[in-house]
Amino acid sequence: LHVNELVNIAIEEDVEVIGLSSSSGGHMPLFRKLAEGLKENDLKDVVMLAGGLIPTRDVDKLLELGVVGVFGPGSDINEAIRLISDSVAQLKERTA
């Protein structure tokens, strides 16, 4: 899928979370385009997550783009669940 397709699906399906996993090293341009597409379509209430083989040096850059969590190999699934639940609840409170 292309990023514009993800944004269109997010609109059509009224999603709360989008998670992208990358192992190819091309994650920064994808997340930049995704953040731009969400912003352009006023989708402020969509939580973005990153997964896969994300270098440590890119984590802060992803967080600046609006990614709320970066989960690599060995990540704690319970931590991911908590982060997603808390992030969705906070966004709902802000947009209510």
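Structure: above.
In this report, we go over the structure that sits alongside the text. (Residues numbered from 1 in each chain as written. Predicted model: local features only at pLDDT ≥ 70, side-chain atom pairs only at ≥ 80, totals over all residues. Heavy atoms only, no water.)

Further remarks concern the pattern of salt bridges. In the structure shown here, the tally under the stated rule is three salt bridges. A salt bridge links Lys92 to Glu16, with the shortest nitrogen-to-oxygen separation between them at 2.8 Å. Note that Lys92 is positioned in helix α4 (residues 77–95) and Glu16 in the loop between α1 (3–13) and β1 (17–22), a separation of 76 residues in sequence. Owing to a relative accessible area of 47%, Lys92 belongs among the partly exposed residues under this scheme. In this structure, the salt-bridge partner of Asp58 is Lys61, at a minimum N-O distance of 3.6 Å. Here the residue Asp58 and the residue Lys61 both occupy positions in helix α3 (residues 56–65), the gap between them amounting to three residues, near one helical turn. Look at Asp58 and you get buried, because its relative accessible area is 6%. (Salt bridge = Lys/Arg side-chain N within 4 Å of Asp/Glu carboxyl O. Helix = DSSP H or I, 4+ residues; strand = E, 2+ residues; numbered from the N terminus. Buried < 20%, exposed > 50% of the residue type's maximum accessible area, 1.4 Å probe, protein only.)

On the surface, a cluster of negative charge is made up of Glu12, Glu13, Asp14 and Asp45. Along the chain, Asp14 turns up in the loop between α1 and β1. Judged by its relative accessible area of 61%, Asp14 falls in the exposed class. (Patch = residues over 30% accessible without salt bridge, like charges linked within 9 Å, V, L, I, M, F, W, Y side chains within 5 Å. Areas by Shrake-Rupley, 256 points an atom, 1.4 Å probe, with all protein chains shown as cover. Lys, Arg positive; Asp, Glu negative; His and termini not counted. Charge placed at Lys NZ, Arg CZ, Asp CG, Glu CD.)

Where a protein is soluble and globular, its nonpolar side chains tend to be buried together. With 18 residues, the main nonpolar core has Ile18, Phe31, Leu34, Leu38, Met48 and Leu62 as its most contacted residues. Residue assignment for this core shows that the elements contributing at least two residues are α1, β1, α2 (27–40) and β2 (47–52). Not counting residues up to four positions away in its chain, the partners in contact with Ile18 are Leu6, Ala10, Leu34, Leu38, Val46, Val47, Met48 and Leu49. With six residues, the next largest nonpolar core counts Val47, Phe71, Ala80 and Leu91 among its residues. (Core = buried A, V, L, I, M, F, W, Y, C linked by side-chain atoms within 4.5 Å. Contact = heavy atoms within 4.5 Å.)

Take the layout of surface pockets next. If you add up the space inside the largest pocket, you get close to 310 Å³. What lines the largest pocket is a set of 16 residues, and nearest its centre among them are Leu43, Lys44, Val46, Gly66 and Leu91. Mapped by element, the contributors of at least two residues to the lining of the largest pocket are α2, β2 and α4. With five residues, the top contributor of residues to the lining of the largest pocket is α4. (1 Å grid on protein atoms, 1.4 Å probe; cavity = no way out; pocket = protein on both sides within 12 Å on 5 of 7 lines; lining within 4 Å. Points joined across faces, edges and corners; volume = space filled by probe spheres on them.)

Honestly, it's all geometry; don't read function into it.
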